[in-house]
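These are the residues of each chain, in order.
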Amino acid sequence: MNFGNVFNGSNYWIELAARTNGGAAFTTLSPRQPVLPTPYAIFAANAGSATVAASAGSVAAANITGTLPLAQLPAAVVTTTRAA
């Protein structure tokens, strides 16, 4: 379904009601569920200003900072550090 351009950062909730076949009254299910932005994400909030990445799946090594603990690496990775 195309709801148009309604997903602008406002909070939206889904409220559902159900009834049996041929039942007269609907029973509202509780609690209402928030409509979260993930299903509607086209790109990250700051992706539009990215100037370094050649594509959505890559980042230049020069732009990566910090330390990656040895325990985070797969066993097949060769390193210059010996495990204690």
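Basis of the calculations
- Counting starts from 1 at the beginning of each chain's written sequence and moves along it residue by residue.
- Local features in this predicted model are restricted to residues of pLDDT 70 or higher, and side-chain atom pairs are both shown and tallied only at a pLDDT of 80 or more, whereas totals for entire chains, interfaces and linings draw on every residue.
- Excluding hydrogens and water, the side-chain values take into account all heavy atoms of the structure.
- Labels follow the DSSP assignment, with helices taken as runs of H or I lasting at least four residues and strands as runs of E lasting at least two, numbered in each case from the N terminus.
- Type-normalised accessible area, obtained with a 1.4 Å probe on protein chains alone, sets the label of each residue: buried when under 20%, exposed when over 50%, and partly exposed for intermediate values.
- A patch is a set of surface residues, each over 30% in relative accessible area and not in a salt bridge, joined within 9 Å for like charges and within 5 Å for the nonpolar side chains Val, Leu, Ile, Met, Phe, Trp and Tyr.
- For every accessible area listed, the method is Shrake-Rupley and the probe measures 1.4 Å; residues are considered covered only by the protein chains on display.
- One speaks of a salt bridge when a side-chain nitrogen belonging to Lys or Arg is within 4 Å of a carboxyl oxygen belonging to Asp or Glu.

Draft legend 1. Up close: the environment of N11. Mapped onto the elements, N11 comes out in the segment before β1 (12-14). Assessed through its relative accessible area of 70%, N11 is described here as exposed. Along the primary structure N11 and V35 are separated by 24 residues, whereas in three dimensions their C-alpha atoms are 7.4 Å apart.

Draft legend 2. A look at a nonpolar patch on the surface. A contiguous nonpolar patch, built from V6, F7 and Y12 and spanning about 220 Å² of accessible area, is present on the exposed surface. By the element assignment, Y12 lies in strand β1.

Draft legend 3. Inspection of unusual backbone geometry at higher detail. Here the bond from S30 into P31 is cis, since omega is 0°, no more than 30 degrees from zero. Here P31 shows up in the loop between β3 (27-28) and β4 (33-35).

The analysis is restricted to geometry; functional conclusions fall outside its scope.
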